Each structure stands twice: as C-alpha cells, then as structure tokens.
Amino acid sequence: MLRKLLIGTALASGLAFAAHAEDVKEVQMLHWWTSGGEAAALNVLKQDLAKEGYAWKDVPVAGGGGDAAMTALKAMVAAGNYPTASQMLGYTVLDYAAAGVMGDLTETAKKEGWDKSVPAALQKFSVYDGKWVAAPVNVHSVNWLWINKAVMDKIGGTEPKTFDDFVALLDKAKAAGVVPLALGGQNWQEATMFDSVVLSTGGPEFYKKAMNDLDDASLKSDTMKKSFDNLAKLVTYVDPNFSGRDWNLATAMVIKGDALVQVMGDWAKGEFHAANKTPGTDFLCYRFPGTDGSVIYNSDMFGMFNVPDDRKAAQVALATATLSKSFQSAFNVVKGSVPARTDVPDTDFDACGKKGIADLKKANEGGTLFGSLAQGYGAPPAVANAYKDVVSKFVHGQIKTSDEAVTELVKAIDDAK
Ligand code: GAL
C-alpha cells in the first residue's frame, strides 16, 4: 500500500528541485522527540550541525512511540515533499526502502566504516538491498523499571527479581499510600510494558518465538494467556487517571515521588537526566523482574530520503555527524539510550548507561537480544499495530479475559500478516 501511494512522487520531487545548483545548507528533520529529555538530546545534534554551518529545519510531531509522526511522514512523502531525514523504527525503514523513496548512503558508510562499527542487529534495518538507507542513532531497551529511590527507601523495598517479588513490592507502595505503578494509558505504552511481561512470563526463547517469529502455537499458548494474566495484575496498581497520559508525565510522577515505579524504555532516563537526577541517589534502574540477561531493543534510525542533489551534501553531513563516536557518546548520555556503535567508550555514561551498554553486549553475544514488538522491531508495522490494539483493549477492559485476549491477538496478527 505504501508503495502504491508513493510511486511517482520520487520522480516528481527530483525534477522539482533539479534546477538548483548550489547546495542547500539545511537539514530538515521529522521526529517525535518533544519531551524535555528528548529535546535536550536533539539539541546535541542541532549544535553539532550548526558548527558545520547547517541550519536546522525542525518538523516535530508530538506523540511518544511515533504513530502520529509516521502518519505525518506518509503524507509528506506522498506529496513528494521529502525531509532530509526522519526518525523511524525498524520495519518502517524497510517499508519505505521497498517503496523506493530512500536515498543511498553507502559511500559515506564505506568511508566511515559503519559495516564494522554498527551491530548486525541494526544493520538488518538500516541496510536494504545492499545499500545503507538509514543512520542508526542509538539503541534503546524497553525491559527496565524506573524507581524513585526515596519512595523505595520509605517502603523498605529491595530489587524485585521475579514477577511475584514485583507484585509484593507494588503492594508495599499501595499500603504506604503511593501510586504503585505510573502508567500512561496509550496503546504503545501498554504494549511496550507488555513486551517485558511476555519475556518475564515465558523466558527468552518464548519471547523470540511469539514476538519475533510470530509462531502460531506460541501466540496461542497458555504461556501467552498467563502473560495477559500478569498484565491484568499490573494494571490493578495504576491510578484512576492513567488513560491517555503521556509517557513523560508518567515518568514525572516517579521523579516527583508521586509514584514508585514506571515500566518504560530507557528514554525515561532522559527525563531523569533533564531533571538533574542521579542513579543510585535519586532513582534506581533495574531490569524488569525475570528478564535479567535479555535485552528487548529498539533503535531510533534517521531514515535518509532520496532528496534532490542540492540537498544531498546536508544529508551526508547529518549521517556522518550521527554516527561519529563523539556524538554517539554525547547524545546517548542525554537521551538515556546507548550507542549504536560497538566501539564507543562508556566513560561518560552514568551507572544505568554503563549497565545498558554492558547488557547489550552480553545479550548480543549470548543470543538474547530481541526486537521489541511494540517498538517496531518485532514485525512489520501492520502487525505491531494489531498487537498494540489488542493489548490496549485488554488493559481498558474492552477485551475482558486473558482467553479472549489470546484469541483476539492471534486473529489480529493473522489478519495483519
Ligand atoms: C520511542 C523512541 C524513543 C522515544 C520514545 C518516546 O519510540 O524510540 O526515542 O522517543 O519513543 O517518545
């Protein structure tokens, strides 16, 4: 469908700009980095490019997880109005590449040695048909808990190692009159949390089979049913106002001590960082109970569009800056993510960042690095959307039982495939 919509616009946009001879010294970037921590991270890039004389034309589309941004991107591209680059997740990059609208950064990649420094798991989504079509910015990971340390001390809590420990910890917070679990009731946040619940409930092999291979037997299994039971249990610990809440407002509840914990990708740490909070002193980062040793990842990629010739120099400058070692450190320290290259020292990262880097390395070597289904790295967008929809309906009571949730999930994924 994307292909049909986009066909023809590639040519049209090329011709429209062909007359310009001089390079346009501007980078136009579509993204959904609008929270405090995200904006601070993006500033690092803007400043790097400004030093090289490139102006920044911002195209922000608010909405965590990027669904609104991807709708905006589709409209822009269909109109032949290609941004220099767009923030994108995994399978979406491949969709646009298949539609023939992406540029080719292979020359830059060769010059910069990306083949050697970017992990294979990311190259799978940034290289299409032998050509580099995207520059990975970071590696995020979703199976984390973000905990307010003062609240934890007050309730006498310790790191939960199993799902049952986690439930016991949430009970302690409840008894102390604190909101136990800060959740934003939007489908992508609920599904992002469910990724971790599935890994915790079924273990690494099960997660891979169900959430990356879309294995029918696994999706239909009692383990998947149990995963929904566990999700239902967690939802009993959220406050009554959670519906529709933005993810960063949920993080703010934990930062302020109004809630004990948020289950969220490590972009949440960008908010703690922006609020000048220190891990170990103000907050704690633990792996989601029962998922230690595995990493569920996503990576923000800057998808590079097939822009007219006079805008290509700016695109190369953007791509080169994005994958430079110094930028990978400076940006990811602020963003909460870890570098998209394997050769960046962890010196400047805080304790959570150092753990994130070490965990990624271990998971990558040990075969326990898995794509997040909620975050575009488990399956193509149609399947991911079907998944988010079912999980959200379950959380909000439109799907009433775990049995029904499993049936609906299998059906929705089948229809989307
Ligand atoms: C994710 C993205 C992160 C962060 C988050 C919330 O999809 O990978 O970089 O921006 O959404 O907006």
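In this report, we go over the structure that sits alongside the text. None of these values were measured; they are calculated from a predicted model. (Residues numbered from 1 in each chain as written. Predicted model: local features only at pLDDT ≥ 70, side-chain atom pairs only at ≥ 80, totals over all residues. Heavy atoms only, no water.)

1. Let's talk about the sheet that holds strand β12 (residues 295-298)
Here is step 1 of the chain: Ordered by their spatial adjacency, three strands build an open sheet running β7-β12-β14, and the pairing between neighbours is mixed. Each edge of the sheet is formed by a strand with only one pairing partner; in this case those strands are β7 (140-141) and β14 (369-371).
Here is step 2 of the chain: Across two bridges, β7 lies against β12 in antiparallel orientation. Bridge pairing in β12 links His 140 to Asn 298. (Pairing = 2+ DSSP bridges. Helix = DSSP H or I, 4+ residues; strand = E, 2+ residues; numbered from the N terminus.)

2. Description of the environment of Lys 154
Here is step 1 of the chain: With respect to the helices and strands, the residue Lys 154 is situated in helix α9 (residues 149-155).
Here is step 2 of the chain: As for Lys 154 and Leu 122, which are separated by 32 residues in sequence, their C-alpha atoms are 41 Å apart.
Here is step 3 of the chain: Not counting residues within four places of it along the chain, the set of residues in contact with Lys 154 comprises Ala 176 and Val 178. (Contact = heavy atoms within 4.5 Å.)

3. Points about helix α14 (residues 247-256)
Here is step 1 of the chain: Considered for burial, the residues of α14 that qualify are Trp 247, Ala 250, Thr 251, Met 253, Val 254 and Ile 255.
Here is step 2 of the chain: Those residues of α14 that are buried are in contact with α3 (36-51), β8 (144-148), β9 (179-181), α11 (187-212), β10 (259-263) and α15 (268-274).
Here is step 3 of the chain: Phi turns positive one or two residues past the end of α14, at Gly 257, with a value near 85 degrees. (Buried < 20%, exposed > 50% of the residue type's maximum accessible area, 1.4 Å probe, protein only.)

4. Some points on the packing of aromatic side chains
Here is step 1 of the chain: Summed over all chains, the structure comprises 19 aromatic pairs.
Here is step 2 of the chain: With a centroid separation of 5.0 Å and 75 degrees between ring planes, the pair formed by Phe 228 and Phe 394 is classed as edge-to-face. One end of the pair, Phe 228, is in helix α13 (residues 222-235); the other, Phe 394, is in helix α19 (residues 381-395), and 166 residues separate them in sequence. Each member of the pair, Phe 228 together with Phe 394, is buried.
Here is step 3 of the chain: Here the aromatic residues Trp 33, Phe 302, Phe 327 and Phe 331 are joined through ring pairs into a cluster of three or more.
Here is step 4 of the chain: Between the NZ or CZ atom of Lys 25 and the centre of the ring of Tyr 54, over which it lies, the distance is 4.5 Å. (Phe/Tyr/Trp six-rings, centres within 6.5 Å; stacked < 30°, edge-to-face > 60°. Lys NZ or Arg CZ within 6 Å of the ring centre and 35° of its normal.)

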